[in-house]
Amino acid sequence: MASMMQPQIILLKEGTDTSQGKAQLVSNINACTAVGDVVRTTLGPRGMDKLIHDDKGSVTISNDGATIMKLLDIVHPAAKILVDIAKSQDSEVGDGTTTVVLLAAEFLKEAKPFIEDGVHAQNLIRSYRTASTLAIAKVKELAVSIEGKSVEEKKGLLAKCAATTLSSKLIGGEKEFFATMVVDAVMAIGNDDRLNLIGIKKVPGGNMRDSFLVDGVAFKKTFSYAGFEQQPKKFLNPKILLLNIELELKSEKENAEIRLSDPSQYQSIVDAEWNIIYDKLDKCVESGAKVVLSRLAIGDLATQYFADRDIFCAGRVAEEDLNRVAAAAGGTVQTSVNNIIDEVLGTCEIFEEKQVGGERFNIFSGCPSGRTATIVLRGGADQFIEEAERSLHDAIMIVRRAVKNSTVVPGGGAIDISKYLRQHSRTIAGKSQLFINSYAKALEVIPRQLCDNAGFDATDVLNKLRQKHAMQSGEGASYGVDINTGGIADSFANFVWEPAVVKINAINAATEAACLILSVDETVKNPKSESAQGDAAGAMGRGRGGGRGRGMRRR
Ligand code: ADP
Ligand code: MG
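The structure displayed is predicted, hence computed values, not measured ones.

This brings us to the pattern of salt bridges. Applying the stated criterion across every chain yields a total of 25 salt bridges. A salt bridge links E106 to R40; the nearest nitrogen and oxygen atoms lie 3.6 Å apart. With a gap of 66 residues between them, E106 in helix α5 (residues 97–116) and R40 in helix α2 (residues 22–40) connect regions that are remote in the sequence. Take E106 and R40: they sit in the same class, and that class is buried. Within the structure, one salt-bridge network assembled from shared partners comprises R422, E444, R448 and R466.

Here's what the structure looks like:
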């Protein structure tokens, strides 16, 4: 009663919507669980794909957690954090994007009953952080180094990692074929950090087995003018000239205004234009180059001129392709044709224009620096090739990570960490014991989901796994779900390998996200930003039980 007599305290602008307290926390957890449920079924080799289409009519079929999360266009403020960790996992390690979302959602799900029972979120957060540190230490302990192996052996091991990544994708049926290709590509670029040195070109049509690797650069034939067909299409050890200038007649008259008093002078102007372009062309020819590439247009005059002198040319080459040729062939892109010295010309063993399916490709192979590789992907539908490209990207990242960190861990949801945490929790007195136990249980979501997605009895398989891991000798540590038989198997022996950094990063990011969401107990929505965000956001927030109006309303 007394409180009603007190004057009202106006803290926030009129119309500001806040929700706070336990209800807010629970509603955030619910939203994140809902997101987890969306990607849940895509995990693992038997995971399903998602078909996402937007209002513009573009259709994407994907199994990649990060891609799905991006396309879902989530508006719930707390659930957005899960999108962010999926993205960061994608850019940091490239794979394990579904895993990270699933783990975070599961950590939160396990936390929910505690929150509802009135446990303070900070207690949970502290225990979760401890648990994650312990889990990561355990992963590091379980990791096996591939350092000190011969190149051939290493390649084989890396191919195993790539195959594990690819096994959950649309192209999983051909995982060995693509895994070898990816490893060769990564080996080709060596220690260079620029990922764009590996090009992936998509050519619709054909069979995915028709895909091939070029130890150099390949790009689609550019637009060409008459005379092009008379140019030679194959060279051995040609010199390659890379340009960033236009070799076209019209280009010279663009920025000039000339006033003539006598019509006879006109011819001299026209002649001057021709002289300029011929001068440029002559200089290109004199350089000794047999292949001329330019980022800008090479017109019909130049095309014919080069054709008459047995030189191949291509204009309007995409910048990234030109840069890759420069990196591979060892040339430098020129902005002027004056003074072309031998040093700026690149070379390669074989240059060739080749028919690939319905497209023609310019292929530079056997490049001296050898620091590029191009994968030419074939396949039926566009969506298929797009997804294949994303899958290869994952595999490429994984192999690069494995090369850099050179430690691998068994995949297939080997949950030895979970056992370890459970054992550890028993040594702790107090509530923390329960929390760490829940964390350990949450980690089991990976094998459980792998089973569910494959149609196995998850409880049965998990019990077998727990029993195996509990063996005193410790030799059961690398057992995981056997996706082929529905039982359990030694993931190490079956070569279901993943770079340790995938696991470490996933555990780290998922724990951080879960703790972040647990530490939020109030959402404030200010009226101005709300109107700016539009109706969609508002509708979504309500639809997902997004916390608005559920907690206490402050006046
Ligand atoms: P993410 O986006 O997280 O990489 P994936 O759909 O690629 O999700 O699934 C990865 C999970 O599948 C990993 O936990 C990995 O250990 C497991 N996995 C991959 N291949 C196999 C296999 N042959 N047998 C059992 N588990 C596998
Ligand atoms: Mg994967």
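Let us now look at the site of ligand 1. Surrounding ligand 1, one finds 21 residues, the nearest of these being D95, T98, T99, S168 and G412. Contact between ligand 1 and T42: an oxygen atom at 3.3 Å from a main-chain N or O atom of the residue. For ligand 1, an oxygen atom lies 2.9 Å from a polar atom in the backbone of G44. Look at ligand 1: alone it shows 570 Å² of surface, and the protein chains cover 95% of it. Of all elements in the fold, only α5, α7 (151–167) and α15 (445–454) reach the threshold of two or more residues within the shell around ligand 1. Tallying contributions element by element places α5 first for the shell around ligand 1, with 3 residues. Of the residues assigned to the shell around ligand 1, the class counts are 7 nonpolar, 12 polar and 2 charged.

Right, let's get into a nonpolar patch on the surface. Residues I258, L260 and Y266 make up a contiguous nonpolar surface patch of roughly 310 Å² in combined accessible area. Looking at the secondary structure, you find I258 in the loop between β9 (239–243) and α9 (265–286). On the basis of relative accessibility, which here comes to 52%, the residue I258 falls in the exposed class.

Another aspect to go through is the nonpolar core. In this structure, M69, L82, F107, L124 and L518 are the most contacted members of the largest nonpolar core, which totals 73 residues. M69 has contacts with V35, V39, I74, L82, V83, A86 and V101, leaving out every residue within four places of it along the chain. Counting residues in hydrophobic clusters, the runner-up holds 38 residues, among them L158, L166, F178 and I398.

The pLDDT averaged across the protein works out to 83; a share of 90% of its residues lies at or above 70. At the low end of the mean pLDDT range in the protein sits helix α19 (residues 535–543), at 46; at the high end sits α5, at 93.

We now examine the sheet that holds strand β19 (residues 497–499). In sheet architecture, strand pairing relies on hydrogen bonds along the backbone and comes in two forms, parallel and antiparallel. Read across the open sheet, the 3 strands follow the order β4-β16-β19; overall the sheet is antiparallel. With partners counted over all chains shown, the strands left at the sheet margins are β4 (144–145) and β19, one partner each.

What follows covers helix α6 (residues 121–142). Helix length check: α6, at 22 residues, gives a terminal C-alpha distance of 31 Å against a target of 32 Å (1.5 Å per residue), a fit within 8%. All buried positions along α6 are accounted for by A121, L124, I125, S127, Y128, A131, S132, L134, A135, I136, K138 and V139. Buried residues along α6 sit against α2, α5, β16 (407–410), α13 (416–425), α14 (432–443) and α17 (500–518).

With respect to the helices and strands, Q334 occurs in the loop between α11 (319–329) and β12 (346–347). Classification of Q334 by relative accessible area gives buried; the value is 13%. With residues up to four places along the chain from it excluded, the contact list for Q334 reads L241, L242, L243, N244 and V344.

The subject of this paragraph is helix α10 (residues 300–308). Every α-helical turn comprises 3.6 residues, leaving residues that sit three or four positions apart pointing alike. Taken together, the buried positions of α10 are L301, A302, T303, Y305, F306 and A307. Along its buried surface, α10 packs onto α9, β10 (291–294) and β11 (312–314).

Strand order across the open sheet formed by 3 strands is β5-β15-β6, with mixed pairing between neighbours. The two strands at the open ends of the sheet, each matched to only one other strand, are β5 (198–204) and β6 (212–214). Recorded for the sheet is a direction-independent mean angle of 20° between the axes of neighbouring strands. For β5 and strand β15 (residues 373–379), the ladder comprises 7 bridges, and the chain directions are parallel. Residue I200 lies in a different strand from β15, and its bridge partner there is I375. Strands β5, β6 and β15 of the sheet are contacted by helix α8 (residues 175–189), whose axis makes an angle of about 155° with β15. Across the sheet, α11 is in contact with β5 and β15; its angle to β5 comes to roughly 130°.

To continue, consider the packing of aromatic side chains. Two aromatic rings, taken as a pair, are described by how far apart their centres are and by the angle between their planes. Counting across every chain of the model gives 14 aromatic pairs. Consider the rings of F177 and F178, whose centres lie 5.1 Å apart with planes at 75°: the pair is edge-to-face. Overall, F177 belongs to the partly exposed group, its relative accessible area being 21%. Pairing W274 with Y278 gives two aromatic rings, centres 5.9 Å apart and planes at 35°, and the pair type is tilted. Placement of both W274 and Y278 in helix α9 is noted, with a separation of 4 residues, approximately one turn of the helix. W274 gets classed as partly exposed once you look at its relative accessible area, which sits at 32%. Among the aromatic residues, those joined into a cluster by ring pairs are F219, F228, F235, F312, F351 and F364. We note K233 situated over the ring of F228; from NZ or CZ to the ring centre the distance is 4.0 Å. We note R309 situated over the ring of Y305; from NZ or CZ to the ring centre the distance is 3.6 Å.

Scoring rules and cut-offs
Residues numbered from 1 in each chain as written. Chains lettered and ligands numbered in written order. Predicted model: local features only at pLDDT ≥ 70, side-chain atom pairs only at ≥ 80, totals over all residues. Heavy atoms only, no water. Salt bridge = Lys/Arg side-chain N within 4 Å of Asp/Glu carboxyl O. Helix = DSSP H or I, 4+ residues; strand = E, 2+ residues; numbered from the N terminus. Buried < 20%, exposed > 50% of the residue type's maximum accessible area, 1.4 Å probe, protein only. Near = heavy atom within 4 Å. Polar contact = N/O pair within 3.5 Å; in protein donor to acceptor, adjacent residues only side chain to side chain. Areas by Shrake-Rupley, 256 points an atom, 1.4 Å probe, with all protein chains shown as cover. Nonpolar A, V, L, I, M, F, W, Y, C, P; charged D, E, K, R; others polar. Patch = residues over 30% accessible without salt bridge, like charges linked within 9 Å, V, L, I, M, F, W, Y side chains within 5 Å. Core = buried A, V, L, I, M, F, W, Y, C linked by side-chain atoms within 4.5 Å. Contact = heavy atoms within 4.5 Å. pLDDT = per-residue confidence, 0-100. Pairing = 2+ DSSP bridges. Expected span 1.5 Å × (residues − 1). Axes fitted to C-alpha atoms, helices over the stretch in contact; angles between N-to-C directions. Phe/Tyr/Trp six-rings, centres within 6.5 Å; stacked < 30°, edge-to-face > 60°. Lys NZ or Arg CZ within 6 Å of the ring centre and 35° of its normal.

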